[in-house]
Amino acid sequence: MKKGIKKLLAGIVTLAMLSLAAVPAFAATTTTDSGTGSVTGSVTINGSISPLTISVTHPINVAYAISPDTGTFTSPDIGITNNTKTAVNVTVQSLAAASGGTLTFTDVDPASKSWNTLNNADSKKYIALGVKAKDSTGWNSGYSTATHWATTPSPLLVGSLNPATTGTLTLTADYGLAFDAAYTANHSLVFLFQLT
Amino acid sequence: MRCFKRLCCVPLLACFLLFSSALPGVTASAATTLTLSASPNPAGNYVALNWTNSDKSQPYSYMLYSKSSHETAFQSIPSKASVKVLNIYPDVTPTVTFTTWQGQNYTLPKSASLKIWMETPNQYDPKGFGKGLISVDPVSITSFNASPNSYLKNSDGTYKYDTLYFGAWDAFASEDLSAAAETVTDAFIKTGRGVLFGHDTMVNNDTISMPNFFKLAHYCNIQTISHYTILGNTQIKVFKKGLLTNYPWQVGDIGTVLNVPMSHSNQMAFGDIWMTYQQPFTYPNSTLVTSGLGTNNFYLTSWSNAAMIQTGHSNGDATPDEQRVTANTLFYLSQITTDTSWSDHKGQDLDAPDAPAISGITHNSGRTQYTVSYSSQDNATGYQYYVESTGENDGMKYDSPTISTSIESGMKGYSIAVDNNPSGVPDGSITTTAGSYTFARPSGSGFYVHIAAADNVGNVSAVSTYHVDELVSVTHPVSVGYAINPNSAAPFTAPDVQIVNNSTIPIRVSVQSLSASAGGSLKLNDVPPSKYTDWSKLTSVQTRSNIALGLGIRETATGSGTWSEIDRTAPLYASDITDKTPLGVLNPNGAAGTLELTAKYGLAWDKAYTSVHSLSLFFDLTD
């Protein structure tokens, strides 16, 4: 039985959307400097700088499936495309089980269970769900190959994406097999996109 | 013998006239050849004249005629170094007692004061205003009227005197010439000898009438005003410049005001007027009359060898100015000589040098010393001469051909004044003889250099003035604002920085400094534009740290209303500026130039910021 997981992908963007559009300031008052032979004139140059808008495209939900009969876990790739003018860092801020399905899992460390021997009750209770970069494609050098497990307390900086570049994340999981019916379960995945 | 000579001369004279009609006053004889030569003496400021007469059959007297390049007609000129004057004075009661410079004592009627003026020592000359050149014999009009020739001539019939002076008393004490004296005086004038008529002699109107005197008025080119019409003052003004105004006394250039006792005119002068009465006329009921070229506004007028002066109205009083003028006039009128050479002191360099051409002005690096360069050249005064001979036996007159010469005293130097007055005039003293002059800069934003050239005899040119204007006046914005909107296709926008040159001179525009300063939410570092190959890839930290802000001239071509010179075509970045860096030169009188800001910057702005730069511009003169 396949279990669905609802993912919430949230781009936390520093949107200081000040309405400071590119409005050129005009020269204000003038002054006349006079003197004999030479004279110095001072001009103050005031800069007004607007924040850059971070724009990232990503799926708003993905679904994974657990097939206990074949013992397989399948999920689609999570593509993240950076539309910003500059590179942005992609951080997994959090991944946590959420209500809304027929089951609400308890996230545990993958090493904390003997997953093939879990009984029905524990199979419906525990899961170790993680997310990581699928491969190096799109990511700038230095990207992380680590997996951010739902139980990991701190965010994981996956890597940075250049403008107009797509990087791919993928889900991974450890789970029990003793499901007695079809269930659905939700997780919430939160990203943080920042300027590099 | 003389008759034979005259008969022979007739056909020859007729022939000569056919080919010599251009000569002035031609009455020449083929047998009498007068030749005249002239040699200018610039150092002495006179023209040396020498003439020869081929006729040795009788003695001759001579009269010289001259016309300068400033005159339209020939006039006779002085030809003697010393002067003998017969002063015919009116009979009056007051007397004066005096001692001449030669130690002789006299008591004479006050109307005979000419001898005092000319021969008694004074504070101006130990030999009197005659300077030892003029001697005076007095005789009363009563005595002269009775037997004029006995006073005028020697026993051999030759004349004793060069010049007669009739004066001086108010109304000439109402004593006219006798008919005999008038005839004798007329003959005297016709010989070319001089006569100076004093106040109220040449008058013939409804109130005062001197008919015999007035018969001689035409020699002075004077005409009557039928109704008593007077005009006068105690100040006179030099109206004409020449020998009469500067020999043997310098009485002043044209416009010089002289003080005299009160006097007035009572007739019209059509000849040369040397001095006029200064306006406003203070003599009661003064009335100015003009008629054609004539006027009654004259104190002293002359025509050939006759003149009239208004001395006498104040009954023998005369100021030093008046006595100098009288001495000069007596000298001027003494025009008959038996010599055959003469140094013509009337033949002077009267023409000033050209107004200096000022070629430019330079200064030292600190602008404390300036050097002006200029040039000028003296101008010569041209003269034409001829000599008229008179046979003392037969009275026949012969003229020499007219000759031309010129006299140029040469440049003496330059009189220079430096001040803040656009109408300033140098004081005439020689500042330098060089063609350039260095001086300390006066205070103020500008100054004027006034230069006049002077020749060696004191003729001063018109003044040339050079204005040095160093007032720098420039209008520019107090502040400008740029904006970086990283989300825009053209993230950097900034208004133009317009600079207007209000000065009357070109102004160089330079950047003294351009640097980030405190006052915004972010103080950026000024880095070279080459610091990053691709500013769009800057991280947020780099973006918030660095900027390459610069400026340059927007205009790409020079023009009359904008830049006259563009020194930089590429932007000047803040990090490049280590010293004052010229951008270009703005034309004067309101020309405007535009500076545009440019920048290299990152895009990774995580929030809104403000940042401040300070731009210091420097405006100075171009030379």
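Residues numbered from 1 in each chain as written. Chains lettered and ligands numbered in written order. Predicted model: local features only at pLDDT ≥ 70, side-chain atom pairs only at ≥ 80, totals over all residues.

Engineer: In this structure, what is going on with the interface of chain B and chain A? I would like to understand it.
Structural biologist: The partner chain A presents 41 residues to the 53 residues of chain B that form the contact. For the side of chain B that touches chain A, the elements supplying multiple residues, two or more each, are β31 (471-477), β32 (479-484), β34 (497-501) and β42 (609-621) of chain B. Take the side of chain B that touches chain A: its biggest share by element is 13 residues, from β42 of chain B. When the residues that make up the side of chain B that touches chain A are grouped by side-chain class, the tally is 26 nonpolar, 22 polar and five charged. Pairing geometry for strand β3 (residues 38-49) of chain A and β42 of chain B, over twelve bridges, is antiparallel. Within the sheet, the bridge partner assigned to N46 of chain A lies in β42 of chain B and is V612 of chain B. (Contact = placed C-beta atoms within 7 Å. Helix = DSSP H or I, 4+ residues; strand = E, 2+ residues; numbered from the N terminus. Nonpolar A, V, L, I, M, F, W, Y, C, P; charged D, E, K, R; others polar. Pairing = 2+ DSSP bridges.)

Engineer: When you look at the confidence of the model for chain B in this model, what are you seeing that I'm missing?
Structural biologist: Parts of the prediction with low pLDDT should not have their coordinates interpreted in detail. Residues and elements named next belong to chain B. Confidence in the prediction for chain B averages 91 pLDDT; 95% of positions are at 70 or higher. Predicted confidence is poor over residues 1-30, with pLDDT under 50, and the contacts of this stretch with residues over four places away or in other chains come to 28 contacts. Two summary scores accompany this predicted model of the complex, namely pTM at 0.58 and ipTM at 0.81. (pLDDT = per-residue confidence, 0-100.)

Engineer: What is the right way to read unusual backbone geometry from this model?
Structural biologist: Negative phi values dominate among residues other than glycine, just as trans dominates among peptide bonds. All names here are of chain B. In this structure, the amide linkage connecting G167 to the following residue, A168, adopts the cis form with an omega of 10°. Relative to the helices and strands, A168 is located in the loop between β9 (163-166) and α5 (179-190). P280 follows Q279 through a cis peptide bond whose omega is 0°. Summarising the element assignment, P280 is placed in the loop between β15 (272-277) and β16 (290-291). Despite not being glycine, F172 has its phi angle at roughly 50°, a positive value.

Engineer: Explanation requested: helix α8 (residues 320-333) of chain B in the structure shown.
Structural biologist: It helps to recall that an α-helix has 3.6 residues per turn; residues three or four apart then point in one direction. Residues and elements named next belong to chain B. Here α8 is 14 residues long and its end C-alpha atoms lie 20 Å apart, about the 20 Å a rise of 1.5 Å per residue gives. Here α8 lies mainly inside the structure; twelve of its 14 residues are buried. For α8, the set of buried residues is E322, Q323, R324, V325, T326, A327, N328, T329, L330, F331, Y332 and L333. (Expected span 1.5 Å × (residues − 1). Buried ≥ 20, exposed ≤ 12 C-beta atoms within 10 Å, placed from the backbone.)

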